[in-house]
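Listed below, chain by chain, are the residues.
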Amino acid sequence: MRKKIIAGNWKMNTHLGDGMLLASDLIQIVKEEGHNGVNIVVCPPFLHIALMQNILKETASPIHLGAQNCYTQNFGAFTGEISPSMLSSFGVEYVIVGHSERREYFNESPPFIVQKIKALLENNITPIYCCGEKLEVREVSQHLSFVCNQITECLFGFSATEIEKIVIAYEPIWAIGTGKTASTEQAQEMHQEIRSHIAKKIGKNSADKISILYGGSLRIQNAAELFAQADIDGGLIGGASLKAREFIDITKKMKI
Ligand code: PEP
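As the structure is a computational prediction, the values presented were derived from the model and not from experiment.

Things to note about the overall build of the protein chain
In terms of regular secondary structure, the protein chain is built from 12 helices and eight strands. Principal axes of the C-alpha set define a box for the protein chain whose edges measure 45 × 45 × 35 Å. Counting only contacts in the protein chain whose residues sit at least 6 apart along the sequence, the fraction spanning at least 24 positions is 73%. Taking the 25 positively charged and 27 negatively charged side chains of the protein chain as two groups, their mean positions are separated by 3 Å.

Here's the deal with the packing of helix H7 (residues 143-155) against helix H9 (residues 184-202)
It is the contact of H7 with H9, at a shortest axis distance of 10 Å, that shows an interaxial angle of 45°. Regarding the angle of H7 to H9, the classification is oblique. With respect to the hand of their crossing, H7 and H9 are arranged in right-handed fashion. Contacts from His143, Leu144, Val147, Cys148, Ile151 and Thr152 in H7 reach Glu189, Met190, Glu193, Ile194, His197 and Ile198 in H9.

Some thoughts on the state of the cysteines
Summed over the entire model, instances satisfying the criterion amount to zero disulfides. For the unlinked cysteine Cys131, the closest cysteine sulfur is that of Cys130, found at 7.5 Å. Sulfur of Cys148: no disulfide; nearest cysteine sulfur belongs to Cys131 and is 8.7 Å away. Judged by relative accessible area, Cys148 falls into the buried class, the value being 7%.

Quick notes on unusual backbone geometry
Positive phi, normally seen in glycine, also occurs at Asn107, with a value near 50°. Inspection of the secondary structure puts Asn107 in the loop between helix H4 (100-105) and helix H5 (110-122). Here Ser217, not a glycine, exhibits a phi torsion of approximately 55°, which is positive. Owing to a relative accessible area of 6%, Ser217 belongs among the buried residues under this scheme.

Focus: the site of the ligand
Close to the ligand lie 15 residues; Lys11, His99, Glu171, Gly177 and Ser217 are nearest. Within the side chain of His99, an N or O atom sits 2.8 Å from an oxygen atom of the ligand. Here Gly238 contributes a backbone N or O atom positioned 2.9 Å from an oxygen atom of the ligand. Burial of the ligand by the protein amounts to 98% of the accessible area it has alone, namely 290 Å².

Quick look at the pattern of salt bridges
In this structure the tally under the stated criterion is 16 salt bridges. With a closest N to O distance of 3.3 Å, Asp233 and Lys4 form a salt bridge. With Asp233 in the loop between helix H11 (220-227) and strand E8 (234-237) and Lys4 in the segment before strand E1 (5-9), the pair connects residues that are 229 residues apart, well separated along the chain. A salt bridge links Glu108 to Arg102, with the shortest nitrogen-to-oxygen separation between them at 2.7 Å. Assessed through its relative accessible area of 7%, Glu108 is described here as buried. A residue is classified by how much of its surface remains accessible, and Arg102, at 23% relative accessible area, is partly exposed. A single network of salt bridges, built from pairs that share partners, joins Arg2, Lys4, Arg195, Asp231 and Asp233.

Structural notes on H11
For H11, every residue scored as buried is listed here: Asn222, Ala223, Leu226 and Phe227. For H11, the angular spread of buried residues about the axis comes to 125°, placing them on one side. Against the buried residues of H11 lie E1, H9, strand E7 (212-215), E8 and helix H12 (244-251).

Notes on the nonpolar core
Counting residues in each nonpolar core, the largest one holds 64 residues, and the members touching the most others are Tyr129 and Ile194. Among the elements that line this core, the one with the most residues is helix H1 (residues 16-33), at seven residues. Among all residues touching Tyr129, those that are not within four sequence positions of it are Val97, Arg103, Ile113, Ile117, Gln150, Ile151, Cys154, Leu155, Ile166, Val167, Ile168 and Ala169. Residues Ile5, Val41, Leu213 and Leu236 belong to the second largest nonpolar core, which totals 12 residues.

Some thoughts on the packing of aromatic side chains
Applying the stated rule across the entire model yields three aromatic pairs. Centroid distance Tyr71 to Phe78: 4.9 Å. Interplanar angle 45°. Geometry classified as tilted. Taken together, Tyr71, Phe78 and Phe112 form an aromatic cluster joined through their ring pairs. Sitting over the face of the ring of Phe106, Arg102 holds its NZ or CZ atom 4.1 Å from the ring centroid.

Thresholds, definitions, all that
- Residues numbered from 1 in each chain as written.
- Predicted model: local features only at pLDDT ≥ 70, side-chain atom pairs only at ≥ 80, totals over all residues.
- Heavy atoms only, no water.
- Helix = DSSP H or I, 4+ residues; strand = E, 2+ residues; numbered from the N terminus.
- Contact = heavy atoms within 4.5 Å.
- Lys, Arg positive; Asp, Glu negative; His and termini not counted.
- Charge placed at Lys NZ, Arg CZ, Asp CG, Glu CD.
- Axes fitted to C-alpha atoms, helices over the stretch in contact; angles between N-to-C directions.
- Parallel < 35°, antiparallel > 145°, perpendicular 65-115°, else oblique.
- Left-handed = near helix turned anticlockwise from the far one by under 90°.
- Disulfide = S-S within 2.5 Å.
- Buried < 20%, exposed > 50% of the residue type's maximum accessible area, 1.4 Å probe, protein only.
- Near = heavy atom within 4 Å.
- Polar contact = N/O pair within 3.5 Å; in protein donor to acceptor, adjacent residues only side chain to side chain.
- Areas by Shrake-Rupley, 256 points an atom, 1.4 Å probe, with all protein chains shown as cover.
- Salt bridge = Lys/Arg side-chain N within 4 Å of Asp/Glu carboxyl O.
- Arc of directions from axis to C-beta.
- Core = buried A, V, L, I, M, F, W, Y, C linked by side-chain atoms within 4.5 Å.
- Phe/Tyr/Trp six-rings, centres within 6.5 Å; stacked < 30°, edge-to-face > 60°.
- Lys NZ or Arg CZ within 6 Å of the ring centre and 35° of its normal.

This is the structure we're talking about:
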């Protein structure tokens, strides 16, 4: 069975006090109510990572630590950057790459994203590779080929063994932070297409092992229906991950 993963992307939210409060609420709820076999990942801003590592360790919490970004090199004169090996030394197990906000606001190109994925794999960190189309692409029915091309350009330079270690997040850009969610049919269609695209190029065995998460205004109201789809293995959650109760309730909608 594929790994079921629900990751919270806090983005550039929370100051020290409210970040730690959110973390301790999450830890407490998961301690009392369990995680039901779902891999719960929390990706706070970099500044919270050291404290989060400590509190997760002290409480022996099953919550996994993730980060929202990284650089392509492990050390060196790259002022302001954070490296995969540093993240690994702080217990980070997952890093989001290729998020549409980084592609759009920070001009991150596919070759740059590929370098990040390579560096992450070399540091035994799981990349969560985001892909997804803008509304205008969907309106002209180019969404399937557009997203498959994003898979080709950033993932197909890796070996089957490497690709199997990557988690994919399909995030239609028109659904991120807008309150509009892809319908279950739209989401399942895309997830199936991504999996069959990987199966054709890399092999069905590998494709069947890869967890593909849905992201884009995932909420408690739509989670159960989305998670019930054959090719949806979890979620990448922005806004709703900032409320401990709602985030954990969403993870409970995943039936293992
Ligand atoms: C995201 O940015 O990864 C995301 C899914 O955000 P939201 O849940 O707020 O749409």
